[in-house]
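Observations on the three-dimensional arrangement
One letter stands for each residue in the lines below.
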Amino acid sequence: MFEDPYTEHVLLTPGPTPIHPRAQQALMRPMLGHMDPEIFALNTEIQADLRAMYGTTDTTFTALLAGTGSLGMEAGFANLVENGDEVLVCANGSFGQRMADMAARYGANVRLVTAPLGEAINPEDVAAQMNGVQMVAVVHGETSTGVLNPVPQIAQIARQHGALLTVDAVTTAGMEPFHMAEWGVDYAYTGAQKCLSAPPGLAPVAISDRAMARYHARRTPTPLWYCDFEGLRDYWERHTYHHTVPVNLHYALHAALRAALDEGMLNRKARVQHVGQAIQAALAPLGFTPYVLRPEDRLPTVLALRLPDGFDDAGVRRALRQRQISVTGGLGATAGLIWRLGLMGETARPAPYRALMDALEDLLG
Ligand code: PLP
């Protein structure tokens, strides 16, 4: 049965995250039409703030897609890949695999670079397979394993070979510095419900000039009409109708993004580190250990912890849920092996983790 939606809930999942209070308030604003001048003004501010969040140049086109992070992923392949293109996908977890699946569906010949679960992609493995590659795709922070992939080094290799670089920034952009222009990223996307703590349903994207040039050189139209790059520009830049954008979600994202930029990426990064270290120290005596062995491979925003021997994963999480605390287990190959504690947006606060520790002390004795 659906419970009272107004009950206080402690959401420690690796997305969605609790909605930022300023975003929650923005959801109360009255409805306006998607072609209203005020909405176009709001959208222009969102575009500028997204450029700041992604660390791009003034000419980089930014927009919100009306869908979740996966639509951001799909739009990149739909617009930038054509039948027979060679696409190298770094796949060291579930979301890298999703990228490979999507790229193949849009006609790419996919080359996979993998790594053992819990380890980052080795840039040398990427360099070894670059001959003839038109696009490299990588997940910056692999949520399924808590691994951070070395995007700056992979970007350098892509550039040296004249390939485009698509980066899944779902667990990173908005919570720590992301340097799209400096690194040489061509297409980046995230989901509103992750580091920004806005409601799910929007995918903020950034498209470099090089990616736009690739789009304009297509032999065939983009098969995904809804997210066609020029279709998006019709609405976001030329202010003509393309589709009815969810303006209420735009209000909320605008407020959450402003709050993130006001706090500053370095402060947000420090907050993640502070809470992350405290929760690891608190869980260590219970037998939780880091799943990702090399410290430099650890994704700060999703703490992957190996469960103690004999730990009743499902039972404990069920008992926590009865106390209004949501904790996420492993995904795919890591199911039953790890917990994945979110440290994105409003989740990276001491209070919700104190609530977890109090409940665990009570449950485990
Ligand atoms: N990429 C990564 C790294 C993710 O963590 C997720 C969701 O957890 C996605 C893509 C897909 O996003 P969504 O579930 O919003 O479609």
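A short tour of the structure in this document, coming up.

1. Details of unusual backbone geometry
A cis geometry characterises the amide bond from Gly-15 onward to Pro-16, with omega recorded as 0°. With respect to the helices and strands, Pro-16 occurs in the loop between strand 1 (10–11) and helix 1 (21–26). The phi dihedral of Ser-197 is positive, around 55°, even though this residue is not glycine. Structurally, the position occupied by Ser-197 is in the loop between strand 9 (187–189) and strand 10 (203–207). Although it is not a glycine, Gln-324 adopts a positive phi angle of roughly 65°. Relative to the helices and strands, Gln-324 is located in the loop between helix 12 (313–322) and strand 13 (325–326).

2. With respect to the packing of aromatic side chains
Within the structure shown, the criterion is met by ten aromatic pairs. Between Tyr-187 and Tyr-189 the ring centres are 6.1 Å apart and the planes differ by 40°, which places this aromatic pair in the tilted class. Accessibility expressed as a relative area gives 0% for Tyr-187, which makes it buried. A residue is classified by how much of its surface remains accessible, and Tyr-189, at 1% relative accessible area, is buried. Aromatic side chains Phe-311 and Trp-339 sit 5.4 Å apart centroid to centroid with 80° between the ring planes, which places their arrangement in the edge-to-face category. One end of the pair, Phe-311, is in the loop between strand 12 (302–306) and helix 12; the other, Trp-339, is in strand 15 (residues 338–342), with 28 residues separating them in the sequence. In terms of burial, Phe-311 and Trp-339 fall into one category: buried. Put simply, the rings of Tyr-187, Tyr-189, Tyr-215 and Phe-229 touch in pairs and so form one group of aromatic residues. Positioned above the aromatic ring of Tyr-251 is the side chain of Arg-29, whose terminal nitrogen or guanidinium carbon lies 4.3 Å from the ring centre.

3. Looking at the pairing of strand 8 (residues 164–168)
Of all five residues that make up strand 8, five are buried, and the element is covered over most of its length. Here strand 5 (residues 135–139) runs beside strand 8; their pairing, made up of five bridges, is parallel. Bridge pairing links Val-136 to Leu-165 in strand 8.

4. Here we look at the site of the ligand
Taken together, Thr-68, Gly-69, Ser-70, Phe-95, Arg-98, Val-139, Gly-141, Thr-143, Asp-168, Val-170, Gln-193 and Lys-194 make up the full set of residues near the ligand. Thr-143 places a side-chain nitrogen or oxygen 2.4 Å from an oxygen atom of the ligand. Side-chain polar atom of Asp-168 to a nitrogen atom of the ligand: 2.6 Å apart, as the coordinates give it. In isolation the ligand has 390 Å² of accessible area, and contact with the protein removes 87% of it.

5. Comments concerning the sheet that holds strand 9
Pairing in this open sheet of seven strands is mixed, and the strands run 2-10-9-8-5-3-4 from one edge to the other. Edge positions in the open sheet fall to strand 2 (61–65) and strand 4 (109–113), since each of these has one partner strand only. Each adjacent strand pair in this sheet contributes to an overall mean axis angle of 20°, direction not counted. Sheet topology places strand 8 next to strand 9; three bridges connect them, and they run parallel. Opposite Asp-168, over in strand 9, you have Tyr-189 as the bridge partner. Helix 3 (residues 69–80) contacts strand 2, strand 3 (86–90), strand 5, strand 8, strand 9 and strand 10 of the sheet and is inclined by roughly 160° relative to strand 9.

So, how was this worked out
- Residues numbered from 1 in each chain as written.
- Predicted model: local features only at pLDDT ≥ 70, side-chain atom pairs only at ≥ 80, totals over all residues.
- Heavy atoms only, no water.
- Helix = DSSP H or I, 4+ residues; strand = E, 2+ residues; numbered from the N terminus.
- Phe/Tyr/Trp six-rings, centres within 6.5 Å; stacked < 30°, edge-to-face > 60°.
- Buried < 20%, exposed > 50% of the residue type's maximum accessible area, 1.4 Å probe, protein only.
- Lys NZ or Arg CZ within 6 Å of the ring centre and 35° of its normal.
- Pairing = 2+ DSSP bridges.
- Near = heavy atom within 4 Å.
- Polar contact = N/O pair within 3.5 Å; in protein donor to acceptor, adjacent residues only side chain to side chain.
- Areas by Shrake-Rupley, 256 points an atom, 1.4 Å probe, with all protein chains shown as cover.
- Axes fitted to C-alpha atoms, helices over the stretch in contact; angles between N-to-C directions.
- Contact = heavy atoms within 4.5 Å.

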